[in-house]
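# Breakdown of the fold
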Amino acid sequence: MKSGILSFNKGLFLQHTRSILWISLFFLLSQIVLLPLGLFVVLRDEGSVQFFSEASTGENILLTISFSIQYITYMVFPVLAGIVLTSYMTKKSSSDFMHSLPFTRGTLLTHVYAAGAVSLGLPILLNAVLLLAIRPVVKPLHYTMGHIAEWAGVSLFIVLFMFVTTVLIGLFIGPALLQGVMAYGIFVLPAALISITLANARYFINGLAVDSYISKIVDEGIFLFRAAGYETQPFSGTEWAVYSAVGLAMIAVSYYVYKIRPAEAVDETIVFPFFRWAFIFILTFAAMMLGGLYFAELLGATSGWMVAGYIIGAAAGYTLLQMIVQKSLRLTWPWKGFVFYALLVFILLIPGAIFAKSYERAMPDENDIEKVYIGEETEPFSGLFYEEEQMKLKKADAGFMTGADSVEQVRDVHQQLMDIQSERPGLNGYTINITYGMKDGSRMQRQYSVSTDEAAKVTEELRKNVEFIKASTPLFVLKNQAAINYLTVFNNATEGQMANVADKEAIAAIRSAIEQDSLSAEADLFSGNGYSTAGSIDFWVGKNNGASVYSNVHLDDEHTIAAIRKYVPNGETFASAANVDKAFVVNAASEEERKQLNDFLWNNEGNEPDWSNMPLEYEQVKGEQKIQQLLNPSGLKRNGSRLLVIKWKSSAGYANISVAGLAD
């Protein structure tokens, strides 16, 4: 037999490839079924051909057709291959045999990588050849050599990246099941730890922009999720560089780790003692955070119960992890390790508390601010415009304001919110997100959860700001050239859709009326005036009605209601007295009295209130003509000391009520 320091040995390579031949064959079969055969399946249906041809215009149809399903195979087969090829390290007889061969450990690992790369790479390359061969016969479906190269390159990279990760994990972990779990967990665990830590921290750090941070972590910080979205958002040049560097670093680390790996550690759950304790402490911390979060959400986030949740979660997690590491239910509980963990957490709380105080009081100088956004969503209109085609319909920097007065008003709102500590973040009436775009290109984000009344109070002046009205109203953020295909009018009084309107003149007139009414009133956002709406209008915009932009219609929107009655079929029934069941004029001079009225009207689980128990002074209005006079939009406003309470005729089984202020 040849002596030792061989760079390559055919027999060893073939032994490895035979051990995973079944994986390679199943992987090849899955690729053939999903793409070449998948293309022929699409060709059988004209509708599918048209759909995929339109969906992939300017894009790679090989990714459009079945990448999401292919991706599942990229996650499964490389991990299986990595587990099988490193399984000899977990059995004493196999380990002794392999390490008795005249090869260095580096050579052994090189053969593992070579066998895995060939067995997983060949199915993709053979599939690429098949795709090239059938290209002339799958017309009108079209793809180029570049598309094949892109598909093959991305597929190879993801598959080999997962394989290398699994091999590296196998050098640290013994049991095959745990190795497979950690092959995925190593990508998810760091992001998950940060996310659950942030979710807990929101209860102690006022203004922490949790939703924004977690969203960014999930979208960009987890390779498994980021790679799954390649079809719609390809890797940037920076991402390719980072992932490639990480892959090469994992290979380099694996050679070093294998070199120092104790041969006698075949029976250990985790080979190296340091990583054994790191594994226990990190996952104990995760269990502790989950315990606190569970008690917070379940029992109202009282600090005492959260601490109880942390203790219970940490103790339970630590115990379970010791069972896994010791491979026994007859547990020897290392209490010193738990005490050390508790001390470590306590020490880390000190810089955490210092950071929290600094974070809560931080506010950028107005001279450093280029633009500012304030709204309910973490990003402006992310709930309306989220796909690539939809993003093209809105103006650049939609939702942001640049005026000096607007910036100062938002800073004033921010200052007031600093002093409002929500007891149950996320469960109150409004989530207020603030984003400062700085002149140096950086961003500063804050998120507050406050009651509806508090939101209305702190934003009172801001809601009168014309720039804020435009920045917070969806209709104003559409590009001028964005074509409105048609609009749909909904009437709250009849609890249904009135009509669709596609006439361009009618659309333009109604849009102009909405803009006129919006600019002469205050912004809807944060106002808490949802009870004064008479209906809403959805504008369907873009190719294939790519986005729906809504606008509420209030009882005092004089121009909008007039336009609806003029241009919409049966428009005369919109906010009409003919649909009123009961009407009352109620005196509510103070905020407290208005709160009393709201509690009376809407705290009956949808049932009609007992009007005889009205808590405030009131007068019932009878007669359709009198009610119609009171419903005249010119005599109404969003709020006031005298309120018009309307109970609409309803067939939905619940009380349908609107409230508007009467002009003095």
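Residues numbered from 1 in each chain as written. Predicted model: local features only at pLDDT ≥ 70, side-chain atom pairs only at ≥ 80, totals over all residues. Heavy atoms only, no water.

This next bit is on the overall build of the protein. Check the secondary structure of the protein and you find 23 helices and twelve strands. C-alpha extents for the protein along the principal axes are approximately 105 × 70 × 55 Å. The burial tally for the protein puts 48% of its 664 residues in the buried class. Looking at the protein alone, contacts between residues at least 24 apart form 73% of all its contacts between residues at least 6 apart. Surface summary for the protein: the accessible area is close to 32,200 Å², and the carbon and sulfur share equals 60%. Separation between the mean location of the 49 positive side-chain charges and that of the 62 negative ones in the protein comes to 11 Å. (Helix = DSSP H or I, 4+ residues; strand = E, 2+ residues; numbered from the N terminus. Buried < 20%, exposed > 50% of the residue type's maximum accessible area, 1.4 Å probe, protein only. Contact = heavy atoms within 4.5 Å. Areas by Shrake-Rupley, 256 points an atom, 1.4 Å probe, with all protein chains shown as cover. Lys, Arg positive; Asp, Glu negative; His and termini not counted. Charge placed at Lys NZ, Arg CZ, Asp CG, Glu CD.)

The end-to-end C-alpha distance of helix H8 (residues 145-172), which contains 28 residues, comes to 41 Å, matching closely the 40 Å that a straight helix rising 1.5 Å per residue would cover. With 21 of its 28 residues buried, H8 lies for the most part within the structure. Sitting at the head of H8, Thr144 places a side-chain oxygen 3.3 Å from the backbone nitrogen of Gly146. (Expected span 1.5 Å × (residues − 1). Polar contact = N/O pair within 3.5 Å; in protein donor to acceptor, adjacent residues only side chain to side chain.)

Our next topic: the packing of aromatic side chains. With the rule as written, the count across this model stands at 37 aromatic pairs. A ring pair is formed by Phe172 and Phe275, whose centres lie 4.8 Å apart and whose planes are at 70 degrees; its orientation type is edge-to-face. Of the two residues, Phe172 is situated in helix H8 and Phe275 in helix H13 (residues 273-299); the sequence distance between them amounts to 103 residues. Judged by its relative accessible area of 15%, Phe172 falls in the buried class. Taking the relative accessible area as the measure of exposure, Phe275 reaches 38% and is therefore partly exposed. If you follow Arg105 out to its NZ or CZ, it ends over the ring of Tyr258, 5.3 Å from the centre. (Phe/Tyr/Trp six-rings, centres within 6.5 Å; stacked < 30°, edge-to-face > 60°. Lys NZ or Arg CZ within 6 Å of the ring centre and 35° of its normal.)

Counting through the fold element by element, Ala241 comes out in helix H12 (residues 237-260). Sequence separation between Ala241 and Asn529 is 288 residues, and the spatial gap between their C-alpha atoms is 50 Å.

Now for a negative patch on the surface. Side chains of Asp365, Glu366, Asp368 and Asp440 sit close together on the surface and give a patch of like negative charge. Tracing the chain through its elements places Asp365 in the loop between helix H15 (335-361) and strand E1 (369-375). (Patch = residues over 30% accessible without salt bridge, like charges linked within 9 Å, V, L, I, M, F, W, Y side chains within 5 Å. Salt bridge = Lys/Arg side-chain N within 4 Å of Asp/Glu carboxyl O.)

Attention now goes to the confidence of the model for the protein. Across the protein, the average pLDDT comes to 87, with 95% of residues at 70 or higher. Counted against residues more than four places away or in other chains, residues 1-5, with its pLDDT under 50, gives eight contacts. (pLDDT = per-residue confidence, 0-100.)

With 105 residues, the main nonpolar core has Leu39, Leu62, Leu131, Tyr143, Trp151, Ile158 and Phe223 as its most contacted residues. The element that contributes the greatest number of residues to this core is H8, accounting for 16 residues. Discounting chain neighbours no more than four positions away, the residues touching Trp151 are Gln31, Leu35, Asn60, Leu62, Leu63, Gln70, Tyr74, Ile124, Asn127, Ala128 and Leu131. In this structure, Ala547, Val549, Phe574 and Leu644 belong to the second largest nonpolar core, which totals 47 residues. (Core = buried A, V, L, I, M, F, W, Y, C linked by side-chain atoms within 4.5 Å.)

To continue, consider the sheet that holds strand E5 (residues 496-501). Strands pair in a sheet through their backbones, by hydrogen bonds, and they do so in one of two ways: parallel or antiparallel. Reading across from one edge, E5-E4-E6-E7 is the order of the four strands in this open sheet, with antiparallel pairing throughout. Two strands close off the open sheet at either side, each with one partner strand: E5 and strand E7 (547-554). Mean inter-strand twist for the sheet, computed between neighbouring axes without regard to direction, equals 20 degrees. Contacts from helix H20 (residues 504-520) reach strand E4 (484-491), E5, strand E6 (533-541) and E7 within the one sheet, and its direction differs from that of E4 by about 60 degrees. Strands E4, E5, E6 and E7 of the sheet are contacted by helix H21 (residues 558-567), whose axis makes an angle of about 110 degrees with E7. (Pairing = 2+ DSSP bridges. Axes fitted to C-alpha atoms, helices over the stretch in contact; angles between N-to-C directions.)

Positionally, Tyr386 belongs in the loop between E1 and helix H16 (388-391). A sequence separation of 125 residues divides Tyr386 from Arg511, and the C-alpha atoms of the two residues are 23 Å apart.

Moving on: the pattern of salt bridges. Scanning the model with the defined rule gives 18 salt bridges in all. Notably, a salt bridge pairs Arg463 with Glu522, separated by 3.3 Å at the nearest N-O pair. Linking Arg463 in the loop between helix H18 (452-458) and helix H19 (466-472) with Glu522 in the loop between H20 and E6, this pair joins segments that are 59 residues apart in sequence. Lys647 is the partner of Glu608 in a salt bridge, and the nearest nitrogen-oxygen pair spans 3.8 Å.

Moving on, we come to the pairing of E1. Most of E1 is tucked away: six of the seven residues are buried. Inspection of the sheet shows E1 paired to strand E2 (residues 430-438) by six bridges, in the antiparallel sense. Paired with Ile374 across the two strands is Ile434, which belongs to E2.

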